[in-house]
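# Structure assessment
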Amino acid sequence: MPPAVVYVHGNGNKVRRELLKSQWDTALFGRDMAGASRMAYWAPLRYPEPLPDFWADPLDGGPEPAEEPAAATGPGAPPSDRAALEAPEEFVARTLDEARREAADAGLEGRAGQDGSALAGWLRDMTYLADPLAHAGEREEPSAELPLEALPLPQAGRTAVFRRLVRHTFKDVHAYFFGGAGPAMREVVREALGGPADGPLVVIGHSLGSVIAYEVLRELGREVELLVTVGSPLAITEVQDQLVHPPAVPAGVAAWRNASDLRDLVALDHTLRPEYAPPERVTDLLVTNDSGNHHGIREYLSQPQVREPVHQLFGHLTHGPG
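Figured I'd write up the structure that's included with this text.

Cut-offs applied
- Residues numbered from 1 in each chain as written.
- Predicted model: local features only at pLDDT ≥ 70, side-chain atom pairs only at ≥ 80, totals over all residues.
- Heavy atoms only, no water.
- Core = buried A, V, L, I, M, F, W, Y, C linked by side-chain atoms within 4.5 Å.
- Buried < 20%, exposed > 50% of the residue type's maximum accessible area, 1.4 Å probe, protein only.
- Helix = DSSP H or I, 4+ residues; strand = E, 2+ residues; numbered from the N terminus.
- Contact = heavy atoms within 4.5 Å.
- Pairing = 2+ DSSP bridges.
- Axes fitted to C-alpha atoms, helices over the stretch in contact; angles between N-to-C directions.
- Left-handed = near helix turned anticlockwise from the far one by under 90°.
- Nonpolar A, V, L, I, M, F, W, Y, C, P; charged D, E, K, R; others polar.
- Expected span 1.5 Å × (residues − 1).
- Phe/Tyr/Trp six-rings, centres within 6.5 Å; stacked < 30°, edge-to-face > 60°.
- Lys NZ or Arg CZ within 6 Å of the ring centre and 35° of its normal.
- Salt bridge = Lys/Arg side-chain N within 4 Å of Asp/Glu carboxyl O.

### A word on the nonpolar core
- Ranked by internal contacts, the top residues of the largest apolar core, which has 56 residues, are Phe177 and Trp256.
- Broken down by secondary-structure element, the contributors of at least two residues to this core are strand E1 (4–8), helix H3 (88–105), helix H4 (120–136), helix H5 (155–177), helix H6 (182–193), strand E3 (201–206) and helix H7 (208–220).
- Ranked by the residues each element gives to this core, the list is headed by H5, at 8 residues.
- The residues contacting tryptophan 256, other than those within four sequence positions of it, are Tyr214, Leu227, Thr229, Leu234, Ala248, Val249, Pro250, Leu272, Tyr276, Arg281, Val282 and Thr283.
- One finds Leu19, Ala36, Tyr41 and Val228 within the second-largest nonpolar core, a separate group that totals 29 residues.

Right under this line is the structure:
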């Protein structure tokens, strides 16, 4: 029977469902896969309108709009650039406050006694790492700890891009774990997994989407031939602490491939295998994601290490026109 793939998108607002699915199809297969793929599209739960078609989504590595690094210094810097000037601790505190306010404005009721501070350690690490990454490209010799090239922008601009990624990424994570949005997000994924799949099923989750997909698969025990997570925070201790079930490979998952770029701030820890048993089902992969923030989904899906095992399952369906 023919295979099927279910996509689960990550943080932030997205373009309309059909276009987003087609973009992921094209990155992974080279063409639209029609009914062989479907998108678990939870963005409307958080955003009233989709992004305009062909919008370059900053959270997927697109360029930041109206980026002017030269204006990012001095007392006259616009609010969007002041993030590059704040001390990391100040930035973490402000980001937490923004996430709490957004949840309150949306009328979401979070877990009793928890406001997101449990994830502050991850957020702080993301923010501190942004600074050495921003300076990495200025070194005469590459660092053994930071072997990949940094963003091709002036330092102030790179720091602003990194910190915007952290700030906006964290809001949806906060809403999922503490703002009361988690059950509705998981229901969207549950419905997508309930669609037709008489043959092998592939599930692909990006960023926060990998967390949602994982938690639903832990609940359902659905048979999945291949689970693929890219740019995932599932190896982060603070994220694992918030999971409903202890870390483990979902019972129905035959194989799990987890891919990340060393420069991806969301995936600060790159190895799931030591913590998600049985380890023989998990393969951790370091890949090169040269999107603007090293977190972009299309760059992840185009990596051979990500594409090849999916193509093997789809066989002749991957060789159509386009």
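### Remarks on the sheet that holds E3
- Spatially, 6 strands are ordered E2-E1-E3-E4-E5-E6 in an open sheet, and the strand pairing comes out parallel. Looking at which strands have only one partner, the edges of the open sheet turn out to be strand E2 (37–40) and strand E6 (282–286). Neighbour-to-neighbour, the strand axes of the sheet open up by a mean angle of 15°, direction not taken into account.
- Where H6 meets the sheet, it contacts E1, E2 and E3, and its direction lies at approximately 165° from that of E2.
- Contacts from H7 reach E1, E3, strand E4 (226–230) and strand E5 (256–260) within the one sheet, and its direction differs from that of E3 by about 140°.

### Considering the packing of H6 against H7
- The geometry of H6 relative to H7 is characterised by a closest axis approach of 9 Å and an angle of 65° between their N-to-C directions. In terms of crossing hand, the pair formed by H6 and H7 is right-handed. Each of Met185, Arg186, Val189, Arg190 and Leu193 in H6 lies in contact with H7, whose residues at this interface are Ile212, Ala213, Glu215, Val216, Leu217, Glu219 and Leu220.
- Considered class by class, the residues forming the contact of H6 with H7 number 8 nonpolar, no polar and 4 charged.

### Brief notes about H7
- Between its first and last C-alpha atoms H7 spans 19 Å; for 13 residues at 1.5 Å apiece the expected length is 18 Å, and the two agree.
- Of all 13 residues making up H7, 10 are buried, and the element is well covered by its neighbours.
- Those residues of H7 that fall on the buried side of the exposure criterion are Leu208, Gly209, Ser210, Val211, Ile212, Ala213, Tyr214, Glu215, Val216 and Leu217.

### A few points about the packing of aromatic side chains
- According to the stated counting rule, one finds 7 aromatic pairs in the structure shown.
- Ring plane angle 85° and centroid distance 5.5 Å describe the contact between tyrosine 214 and tyrosine 276, whose orientation is recorded as edge-to-face. In this pair, tyrosine 214 sits in helix H7 while tyrosine 276 sits in the loop between E5 and E6, placing the two residues 62 residues apart along the sequence. Across the pair, exposure class does not vary: tyrosine 214 and tyrosine 276 are buried alike.
- Among the aromatic residues, those joined into a ring-pair cluster are Tyr176, Phe177 and Phe178.
- One residue, arginine 163, lies across the ring of phenylalanine 91, its end atom 5.5 Å from the ring centre.

### Some points on the side chain of histidine 295
- Mapped onto the elements of the fold, histidine 295 is located in the loop between E6 and helix H9 (297–301).
- Overall, the relative accessible area of 1% leaves histidine 295 in the buried class.

### A few points about the pattern of salt bridges
- Applying the stated criterion across every chain, the model contains 17 salt bridges.
- In this structure, glutamate 98 engages lysine 171 in a salt bridge whose closest nitrogen and oxygen atoms are separated by 4.0 Å. Linking glutamate 98 in helix H3 with lysine 171 in helix H5, this pair joins segments that are 73 residues apart in sequence. Each member of the pair glutamate 98 and lysine 171 is classed as buried.
- The closest approach of N and O atoms between arginine 186 and glutamate 219, which form a salt bridge, is 3.6 Å.

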